[in-house]
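# What the coordinates show
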Amino acid sequence: MIQNEHQYKVTKGEIDKLQQVIDKLLEQQDIPPSQLAAMQNSFQTQIDRMQLEIQEYDDLRAGKVEITMGAIEDLPKVLIQKRIGLGMTQKELAVKLGIKEQMVQRYEASSYESIGFQRLTEVWNALSASIPSVTVS
């Protein structure tokens, strides 16, 4: 899951690089067709996965995704989705919490595993104050 603009830009760049690799592979005359097809398919699968991640991020930013939580285990993803859906950067969340941006990056990178309950409550409140509650199914 793409969590910030930096990851978004890096992912777009990686897609471009992989497409260039595919284009160069297709120019090769000395690779057996079956091997070429397998390599092309492998790279295309990676591109497709990254494009889905980009689409999910774009949809979250555009408010096109209904954020739901089926179980408590979904909470870290919900927090990240809510932040993105609000158009809030990790830096802006950090400012609201009175911490450094790198701490929010660590929280999200580790799916909030190392966060205490008090801080978790603060994150929830910082994100929930601006939008309706998450639907729990």
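The residue numbers shown here count from 1 along each chain, following its written sequence. With the structure being a predicted model, the display of local features is reserved for residues of pLDDT at least 70 and the display and counting of side-chain atom pairs for 80 or more, all residues being used for whole-chain, interface and lining totals. Note that the side-chain values use all heavy atoms of the structure and ignore hydrogens as well as water.

### Notes on the nonpolar core
A general feature of soluble globular proteins is that nonpolar side chains tend to end up buried together. Throughout, nonpolar core names a set of buried Ala, Val, Leu, Ile, Met, Phe, Trp, Tyr and Cys residues whose side chains join them through atoms within 4.5 Å. Accessible area is worked out with a 1.4 Å probe on protein chains only. A residue is then buried under 20% of its type maximum, exposed over 50%, and partly exposed in between. Among the nonpolar cores identified, the biggest contains 30 residues, and Leu-79, Leu-93, Leu-97, Tyr-112 and Val-123 are the most heavily contacted of them. To qualify as a helix, a DSSP run of H or I must reach at least 4 residues; to qualify as a strand, a run of E must reach at least 2; elements of each kind are numbered from the N terminus. Counting only elements with at least two residues in this core, the list comes to helix H1 (5-27), helix H2 (33-61), helix H3 (75-85), helix H4 (90-97), helix H5 (101-109) and helix H6 (117-128). The contact rule is simple, with two residues in contact once any of their heavy atoms fall within 4.5 Å. The contacts of Leu-79, once residues within four sequence positions are left out, are Tyr-112, Leu-120, Val-123, Trp-124 and Leu-127.

### Notes on the environment of Leu-97
The residue Leu-97 is located in helix H4 in this model. In this structure Leu-97 comes out as buried when scored by relative accessible area, which is 13%. Residues Leu-97 and Arg-119 lie 22 residues apart in sequence; the distance between their C-alpha atoms is 8.5 Å. What Leu-97 contacts, discounting residues up to four positions off in sequence, is Val-104, Arg-119, Glu-122, Val-123 and Ala-126.

### Quick word on the pattern of salt bridges
Criterion for a salt bridge: a side-chain nitrogen of Lys or Arg within 4 Å of a carboxyl oxygen of Asp or Glu. The tally for this structure, following the rule as stated, stands at six salt bridges. When the shortest N-O distance is used, the salt bridge between Arg-61 and Glu-5 registers 2.4 Å. In this pair, Arg-61 sits in helix H2 while Glu-5 sits in helix H1, placing the two residues 56 residues apart along the sequence. According to the relative accessible area criterion, Arg-61 is partly exposed, its value standing at 35%. On the accessibility criterion, Glu-5 (32% relative accessible area) is partly exposed. With its nearest N and O atoms 2.8 Å apart, the salt bridge here joins Arg-61 to Asp-58. Of this pair, Arg-61 and Asp-58 are both found in helix H2, three residues apart, which corresponds to roughly one turn of the helix. Take Asp-58: its relative accessible area is 25%, and that puts it in the partly exposed class.

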